[in-house]
Amino acid sequence: MAGNLEFITSESTSSNTTNLTLTNCFSDEYDVYKVIYGVKEVNTELATETRLLNASGAVTSSTYQHAIHYMAAGASWSQGGDVNNDKFQYTMYNEGSVGGYYVMYVYNPADSSSFTFANWQMASSYLASSTRVLMARKGIGVLKVAEAHTGIQVYALSSNITKSRLTVYGIK
């Protein structure tokens, strides 16, 4: 993807929290945003999902659709997806004390006349039968609501986020 990255904002945590939320990071100044979520450490198995924000907060309506490919080193691959979900699912997974990263591109989030699209890829570690293997996922998705989205949130499903950072860049 050609273009210059321009830093917009970032948030990090070094103690237990259920989510990281970046408000007012999407505007009509950019059509495409690069979001990086880095996890340095987790205390337990942790799935982290992603939602967009509008003027009222996190969009939790069943209007997200996504498809993913999943691969584990030395194992098999699978694919899946969902329609009418309340989040972009399978955006990050961590297990053990090892972290990981995802990079997500978000398209037209501030355009109130179009849907917001995203694609992402993540890499982390997974304990498969007590053997640590590399895990990767690649996903695409759409939030089928024509409204302005102003921010992004990652949140933990079953545990707490411990050491991580969420960063947003605009692409010119």
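The preceding data block contains the structure.
Described in the following lines is the structure provided in the data block. Small disclaimer: the values here were computed from a predicted structure and weren't measured. (Residues numbered from 1 in each chain as written. Predicted model: local features only at pLDDT ≥ 70, side-chain atom pairs only at ≥ 80, totals over all residues. Heavy atoms only, no water.)

Below, the discussion takes up the side chain of Thr 50. Relative to the elements of secondary structure, Thr 50 occurs in strand E4 (residues 46–54). Under the relative-accessibility criterion, Thr 50 is labelled buried at 0%. Apart from the residues within four sequence positions on either side, Thr 50 is in contact with Tyr 64, Lys 87, Phe 88, Thr 91, Tyr 102, Met 104, Ile 152, Gln 153, Val 154 and Tyr 155. (Helix = DSSP H or I, 4+ residues; strand = E, 2+ residues; numbered from the N terminus. Buried < 20%, exposed > 50% of the residue type's maximum accessible area, 1.4 Å probe, protein only. Contact = heavy atoms within 4.5 Å.)

On the surface, Glu 6, Asp 28, Glu 29, Asp 31 and Asp 111 cluster together to form a negatively charged patch. With respect to the helices and strands, Asp 111 occurs in the loop between strand E9 (100–107) and strand E10 (116–128). (Patch = residues over 30% accessible without salt bridge, like charges linked within 9 Å, V, L, I, M, F, W, Y side chains within 5 Å. Areas by Shrake-Rupley, 256 points an atom, 1.4 Å probe, with all protein chains shown as cover. Salt bridge = Lys/Arg side-chain N within 4 Å of Asp/Glu carboxyl O. Lys, Arg positive; Asp, Glu negative; His and termini not counted. Charge placed at Lys NZ, Arg CZ, Asp CG, Glu CD.)

Attention now moves to the pattern of salt bridges. Throughout the structure, instances matching the rule amount to two salt bridges. Of the charged contacts, one joins Arg 51 and Asp 86 as a salt bridge, the two residues approaching to 3.1 Å between their closest N and O atoms. Residue Arg 51 is found in strand E4, and its partner Asp 86 is found in the loop between strand E7 (77–85) and strand E8 (88–94); the two are separated by 35 residues along the sequence. For Arg 51, a relative accessible area of 12% puts it in the buried group. A salt bridge links Lys 87 to Asp 86; the shortest N-O distance between them is 3.1 Å.

Moving on, we get to the nonpolar core. Ranked by size, the top nonpolar core spans 36 residues in total, and within it Tyr 37, Tyr 102, Met 104 and Ile 152 carry the most contacts. Residues within four places of Met 104 in sequence aside, it is in contact with Tyr 33, Lys 34, Val 35, Thr 50, Phe 88, Thr 91, Ala 118, Asn 119, Trp 120 and Ile 152. (Core = buried A, V, L, I, M, F, W, Y, C linked by side-chain atoms within 4.5 Å.)

A few words now on the environment of Val 35. Among the secondary structure elements, Val 35 is positioned in strand E3 (residues 32–41). It is 11 Å that separates the C-alpha atoms of Val 35 and Leu 5, two residues lying 30 residues apart in sequence. Excluding residues that lie within four positions of it along the chain, Val 35 makes contacts with Tyr 102, Val 103, Met 104, Val 106, Ile 152, Leu 166, Thr 167 and Val 168.

Looking now at unusual backbone geometry. The phi dihedral of Asn 24 falls on the positive side, at around 50°, and the residue is not glycine. Along the chain, Asn 24 turns up in the loop between strand E2 (19–22) and E3. Not every positive phi belongs to a glycine, and Asn 84 is a case in point at roughly 55°. With respect to the helices and strands, the residue Asn 84 is situated in strand E7.

Inspection of every chain in the model, using the stated rule, returns six aromatic pairs. Ring geometry for Phe 88 and Trp 120: centres 5.4 Å apart, planes at 45°, overall tilted. Of this pair, Phe 88 sits in strand E8 while Trp 120 is found in strand E10, placing the two residues 32 residues apart along the sequence. The class for Trp 120 is buried, based on a relative accessible area of 1%. Counting every residue linked through ring pairs, the aromatic cluster contains Phe 26, Tyr 30 and Tyr 33. Over the ring of Tyr 30 we find Lys 172; its NZ or CZ atom is 5.2 Å from the centre of that ring. (Phe/Tyr/Trp six-rings, centres within 6.5 Å; stacked < 30°, edge-to-face > 60°. Lys NZ or Arg CZ within 6 Å of the ring centre and 35° of its normal.)

Another point: the side chain of Thr 91. Tracing the backbone through its elements, the reader meets Thr 91 in strand E8. Side-chain polar atoms of Thr 91 contact the backbone oxygen of Thr 48, separated by 2.9 Å. Among the polar contacts made by the side chain of Thr 91, one reaches the side chain of Thr 50 at a distance of 3.0 Å. The residues touching Thr 91, leaving out its near neighbours within four places in the chain, are Thr 48, Glu 49, Thr 50, Tyr 102, Met 104, Trp 120 and Met 122. (Polar contact = N/O pair within 3.5 Å; in protein donor to acceptor, adjacent residues only side chain to side chain.)

The next point concerns the environment of Gly 170. With respect to the helices and strands, Gly 170 occurs in strand E13 (residues 163–171). Residues Gly 170 and Phe 26, 144 residues apart in the sequence, show an inter-C-alpha distance of 8.3 Å. Those residues within four positions of Gly 170 in sequence are excluded, and the remaining contacts are Asn 4, Leu 5, Glu 6, Ile 8, Tyr 30, Val 32 and Tyr 33.

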